[in-house]
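Per-entry structural report
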2 protein chains.
Amino acid sequence: MSLVVVGSVALDSVETPTETRENVLGGSAVFFTYAASFFTGVKLVSVVGEDWPAKYTELLNSRGIDTSGLDVVSGGKTFFWRGRYLDDMNQRETLDVQLNVFGEFDPKLPEAHRRCKYLFLANGPPAIQARVLDQCPGTQLSVADTMDLWIKSTRPELDALLRRVDGLLLNDGEAKLLAGEENLVKAGHAIRRMGPRFVIIKKGEHGAMFFGEHETYVMPAYPTEDLVDPTGAGDSFGGGMMGYLAEQNDFSPAALKKAMAYGTLAASFAVEGFSLDGLQRVERADIDRRMEQYRRMLSF
Amino acid sequence: MSLVVVGSVALDSVETPTETRENVLGGSAVFFTYAASFFTGVKLVSVVGEDWPAKYTELLNSRGIDTSGLDVVSGGKTFFWRGRYLDDMNQRETLDVQLNVFGEFDPKLPEAHRRCKYLFLANGPPAIQARVLDQCPGTQLSVADTMDLWIKSTRPELDALLRRVDGLLLNDGEAKLLAGEENLVKAGHAIRRMGPRFVIIKKGEHGAMFFGEHETYVMPAYPTEDLVDPTGAGDSFGGGMMGYLAEQNDFSPAALKKAMAYGTLAASFAVEGFSLDGLQRVERADIDRRMEQYRRMLSF
């Protein structure tokens, strides 16, 4: 089934305790589409500037990712982010953010995109996410991501969005902030009562929690020694998850659970390299092999 | 099979953001024995002062816990700990510690205890833990717990102990400190190379990780909304785990994995009340019911 993602495409400069990479391919929608492309065709809607290297578009196209919704603004500059991970790799500092053309992003979806059945609203202003929803009235499953900035600065718009989407993905700190509740289990249920049918709280190296009407569960992250760069882990999780759901064209509780596992594994590969390096090294068969290990790990 | 635990028995005063309890039953060996008692007979070796309420001994005896190794020192005072949990319940401050008779604890195991097959050395000075090991030459499975204090202050003694025990249980912060490594997967393997056949890293609300020669896995904590008091969660984990292993008289990789799950569930009940309240409310059948839910949660 058709899957559309609307979100940021960026150039990232990333510093870890051991290495630094300048101007590498980044942005939530990039990690999302690449991870989703292991499972299904995916259409990217975003905006970049004229500094955008054409080779990056070619890389995405080589994975079958439809970039016809990627707007290249002449005279503009691509969204830029510079961040530094601290020693334990679980905390990061943002050193520089230049929204550039992404700051003016007002997505107009091509006609074919508007008929999508699976829609992912990557992190962005809730009002913009809502305008995308308006353009896709026939969506079967819409899932949004958000962040602390919107929780703090545009709460009414976010509340309105939560009443319209089927699912919400956010990290643990954001969930506590949104729910005003320190216990993550209580926070997850509280957020579900704000509107979405399900809520997924991403806990980084500690995995992810799912909250549905009849089900609450936790899945641990796949334990990897080769943690190189956590950037994009959450978006790769989203891409693996939504990619699998769209491939199966099924979002029953059982499919959602398996999708959570695929999201977990997509994230585990993503963090094993800078930018898309970790995901570029693998094929669907590698993901399925790791899935077997993951299943074995969780059975006793 | 016979299981012996040597460690602290204490009176705790615990403050959480919502409630305070004064002078309740605590100490690592107490949580451990109580959790283990759902599975097997367990012998407690510890020391208390003459302020020790006899009703607490009766409570332990009512669970079939053998307290013949609990030394009551006349004129002495019981180990006392006062702590406060911060808003997120994952951090705590120690407000007062009075080692009292536990500061002079030099365990002499009764003859019957020395023939135990399963031995748990709860957190304590490594030199004391080693003297207990000396008294139990026929032990089939010995597992120790430790803490940052011993890692920092008595490293040579701890290193010597690690070469003698079969398993080591410690929390995530302690594992990073002991291994000098921020990545928990690397830290777990590094500690295993210091001697123990297996290492278990407890991550509190995020579950526990297992590191063996051929296996590395993570188990999430059971997600509970009813987090009342985290005190004793790690020791209840140890008790559930060792209790199950001793009951089965099996410490094969498969048994260890199931034991990790039982430890996880024992901890989940322990945190649902102050002191032993959470564990006192349940029977083995409740643990087995939660085990079915936990298994379902982890299968997809």
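Everything in this summary refers to the structure shown in the same document. The structure presented is a predicted model; accordingly, all values stated were derived computationally and were not measured.

Moving on, we come to the environment of Ser28 of chain B. Residue and element names in this part refer to chain B. With respect to the helices and strands, Ser28 occurs in helix H1 (residues 28-36). On the basis of relative accessible area, Ser28 is assigned to the buried category, the value being 9%. Ser28 sits 20 residues away from Ser8 along the chain, and the two C-alpha atoms are 5.4 Å apart. If we skip the residues at most four places from it in the chain, Ser28 touches Ser8, Ala122 and Asp235.

Residues and elements named next belong to chain B. Here strand E11 (residues 198-202) lies mainly inside the structure; five of its five residues are buried. With burial as the criterion, each face of E11 is covered, one bearing Phe198, Ile200 and Lys202 and the other bearing Val199 and Ile201. With five bridges joining them, strand E10 (residues 167-171) and E11 adopt parallel strand pairing. Considered in E11, the bridge of Gly167 is made with Phe198. Sheet topology places E11 next to strand E12 (residues 208-211); four bridges connect them, and they run antiparallel.

What follows is about the relation of the copies chain A and chain B. By a simple turn and slide, chain A fits onto chain B: the slide is 0.0 Å along the axis, the RMSD is 0.0 Å, and the turn is 180°. Expressed as a symmetry operation, the mapping of one chain copy onto the other fits a two-fold axis. Both copies present the same face, since 100% of the interface residues in chain A are matched by interface residues at the equivalent positions in chain B.

In this section: the interface of chain A and chain B. Taken together, the 34 residues of chain A in the interface contact 34 residues of chain B. Interface area, chain A with chain B, both sides summed: about 2,800 Å², of which 62% is carbon and sulfur. Summed over the shared surface of chain A and chain B, the number is zero salt bridges. Counting the contacts that link chain A with chain B gives twelve residue pairs in polar contact (both at pLDDT 80 or more). Sorting the residues of the side of chain A that touches chain B by element identifies helix H8 (184-192), strand E13 (216-219), helix H10 (253-270) and helix H12 (284-297) of chain A as the ones contributing at least two each. Top contributing element to the side of chain A that touches chain B by residue count: H12 of chain A, with five residues.

A few words now on the pattern of salt bridges. All names here are of chain B. Counting across every chain of the model gives 38 salt bridges over all chains. One salt bridge in this structure joins Glu22 and Arg82, with 3.0 Å as the shortest N-O distance. Taken as a pair, Glu22 in strand E3 (residues 20-26) and Arg82 in strand E6 (residues 79-85) lie far apart in primary sequence, 60 residues in all. A residue is classified by how much of its surface remains accessible, and Glu22, at 44% relative accessible area, is partly exposed. A salt bridge links Asp106 to Arg131, with the shortest nitrogen-to-oxygen separation between them at 3.1 Å. Here Asp106, found in the loop between strand E7 (92-98) and helix H3 (111-114), pairs with Arg131, found in helix H4 (residues 126-135); they are 25 residues apart in sequence, far enough to count as distant.

What follows concerns the packing of aromatic side chains. The geometry of two aromatic rings is summed up by the distance between their centres and the angle between their planes. Following the criterion strictly, the structure yields 24 aromatic pairs over all chains and no others. For the ring pair Tyr294 of chain A and Phe300 of chain B, a centre distance of 6.1 Å and an interplane angle of 35° mean the geometry is tilted. With one member in each of two chains, Tyr294 of chain A in helix H12 and Phe300 of chain B in the segment after helix H12 (284-297) form a pair that bridges those chains. For the pair formed by Tyr294 of chain A and Phe300 of chain B, the shared burial category is buried. An aromatic cluster of three or more residues is present, and its members are Phe39, Tyr244 and Tyr262 of chain A.

Parameters at a glance
- Residues numbered from 1 in each chain as written.
- Chains lettered and ligands numbered in written order.
- Predicted model: local features only at pLDDT ≥ 70, side-chain atom pairs only at ≥ 80, totals over all residues.
- Heavy atoms only, no water.
- Helix = DSSP H or I, 4+ residues; strand = E, 2+ residues; numbered from the N terminus.
- Buried < 20%, exposed > 50% of the residue type's maximum accessible area, 1.4 Å probe, protein only.
- Contact = heavy atoms within 4.5 Å.
- Pairing = 2+ DSSP bridges.
- Least-squares fit on C-alpha atoms with pLDDT ≥ 70 in both.
- Buried area = accessible area lost by both parts, 1.4 Å probe.
- Salt bridge = Lys/Arg side-chain N within 4 Å of Asp/Glu carboxyl O.
- Polar contact = N/O pair within 3.5 Å; in protein donor to acceptor, adjacent residues only side chain to side chain.
- Phe/Tyr/Trp six-rings, centres within 6.5 Å; stacked < 30°, edge-to-face > 60°.

Bear in mind that shape data such as this cannot, by itself, settle questions of function.
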